[in-house]
Amino acid sequence: MTPTASTFKKLAIMALALFPSLAMAQSQLFEQMAKLPETEYTYLSSAMISSAEDVLSISSLDILSQLKSIEILKSDNDQSCDKIRADIKYMIPSMTLLSRIQDDGDVTEIFGTKASNDSQSRYSEILYIQDDTDCNEIKLIYLSGNIEPDAIRELID
């Protein structure tokens, strides 16, 4: 288990436990990828994130209060994983690589985009990718908001 896997699990449990059938998508790319076979997708708005913090007692994650939305995508279908890998490459060039961890075929990367109007080096979006090529499974978490660099460390630790 990579250091970021527990954070993914916390976010996924929060999303899936409270609102399993949310269909609103903020990103057209995630919306398209969600239609792939055997692909799970969840969207949470800031109002839902706030509710989830109270219900699941996970307010210890400082990053949650800084988010406007969370999108979670997961697939273990071979063809869907390949398509997601190809599609996500369109998002990555506009982002900065913040962290990369490799462990026995499991690659975890965190990318960020700095907020354009923020002098405090905050990020407007974070993309977390956990790609296990050995068993052909991919997990993505897309966070948007006004995110402090210190809060991003929670995802890495």
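Here the structure is a predicted model, which is why all the values come from computation and not from measurement.

A.B. asks: Please give an account of the side chain of Asn 77 that cites residues and values.
C.D. replies: In this fold, Asn 77 is placed in the loop between strand S2 (67-75) and helix H4 (78-88). We classify Asn 77 as buried; its relative accessible area is 14%. The contact partners of Asn 77, leaving out residues within four places of it in the chain, are Pro 37, Glu 38 and Asn 136.

A.B. asks: How would you sum up a negative patch on the surface? Please name residues and give values.
C.D. replies: A grouping of Glu 38, Glu 40, Asp 76 and Asp 78 is seen on the molecular surface, where their side chains present a negatively charged patch. Residue Asp 76 is classed as partly exposed on the basis of its relative accessible area, which comes to 43%.

A.B. asks: Go over the sheet that holds strand S6 (residues 137-147), please, and point to the residues and values.
C.D. replies: With antiparallel pairing, six strands are arranged side by side in an open sheet as S1-S2-S6-S5-S4-S3. Edge positions in the sheet fall to strand S1 (39-45) and strand S3 (96-103), since each of these pairs with one other strand and no more. The mean angle between the axes of side-by-side strands here comes to 10°, regardless of whether they run parallel or antiparallel. Sheet analysis places S1 next to S2, joined by seven bridges and oriented antiparallel. Pairing of Thr 39 across the sheet is with Ser 75, part of S2. The strands touched by H4 are S1, S2, strand S5 (123-132) and S6; relative to S6, the strand with the most contacts, the crossing angle is about 35°.

A.B. asks: Kindly report on the pairing of S6, identifying the contributing residues and their values.
C.D. replies: Most of S6 sits out of view: ten of its eleven residues are buried. Looking at chain direction, S2 and S6 are connected through eight bridges and run antiparallel. The residue bridging Ser 75 from the neighbouring strand is Ile 138, located in S6. As paired strands, S5 and S6 are joined by nine bridges and run antiparallel to one another. Its bridge partner being in S6, Tyr 123 is matched across the sheet by Ile 147.

A.B. asks: Tell me about the nonpolar core, and please be specific about residues and values.
C.D. replies: If you look at the biggest cluster of nonpolar residues, it comprises 18 residues, and the most contacted ones within it are Phe 30, Met 33, Ile 88, Leu 127, Ile 129 and Leu 140. When neighbours within four sequence positions are excluded, Ile 88 is seen to be in contact with Leu 29, Phe 30, Met 33, Leu 127, Ile 129 and Leu 140. Residues Ile 49, Leu 64, Tyr 128 and Ile 152 belong to the second largest nonpolar core, which totals 16 residues.

A.B. asks: Explain the pattern of salt bridges residue by residue, including any values.
C.D. replies: Counted according to the given criterion, the structure contains seven salt bridges. Between Asp 87 and Lys 83 there is a salt bridge, with its nearest N and O atoms 3.0 Å apart. Remark: Lys 83 and Asp 87 occur in helix H4; sequence separation between them is four residues, near one turn of the helix. Residues joined in a network through salt bridges with shared partners are Lys 74, Glu 137 and Lys 139.

About the thresholds
Residues numbered from 1 in each chain as written. Predicted model: local features only at pLDDT ≥ 70, side-chain atom pairs only at ≥ 80, totals over all residues. Heavy atoms only, no water. Helix = DSSP H or I, 4+ residues; strand = E, 2+ residues; numbered from the N terminus. Buried < 20%, exposed > 50% of the residue type's maximum accessible area, 1.4 Å probe, protein only. Contact = heavy atoms within 4.5 Å. Patch = residues over 30% accessible without salt bridge, like charges linked within 9 Å, V, L, I, M, F, W, Y side chains within 5 Å. Areas by Shrake-Rupley, 256 points an atom, 1.4 Å probe, with all protein chains shown as cover. Salt bridge = Lys/Arg side-chain N within 4 Å of Asp/Glu carboxyl O. Lys, Arg positive; Asp, Glu negative; His and termini not counted. Charge placed at Lys NZ, Arg CZ, Asp CG, Glu CD. Pairing = 2+ DSSP bridges. Axes fitted to C-alpha atoms, helices over the stretch in contact; angles between N-to-C directions. Core = buried A, V, L, I, M, F, W, Y, C linked by side-chain atoms within 4.5 Å.

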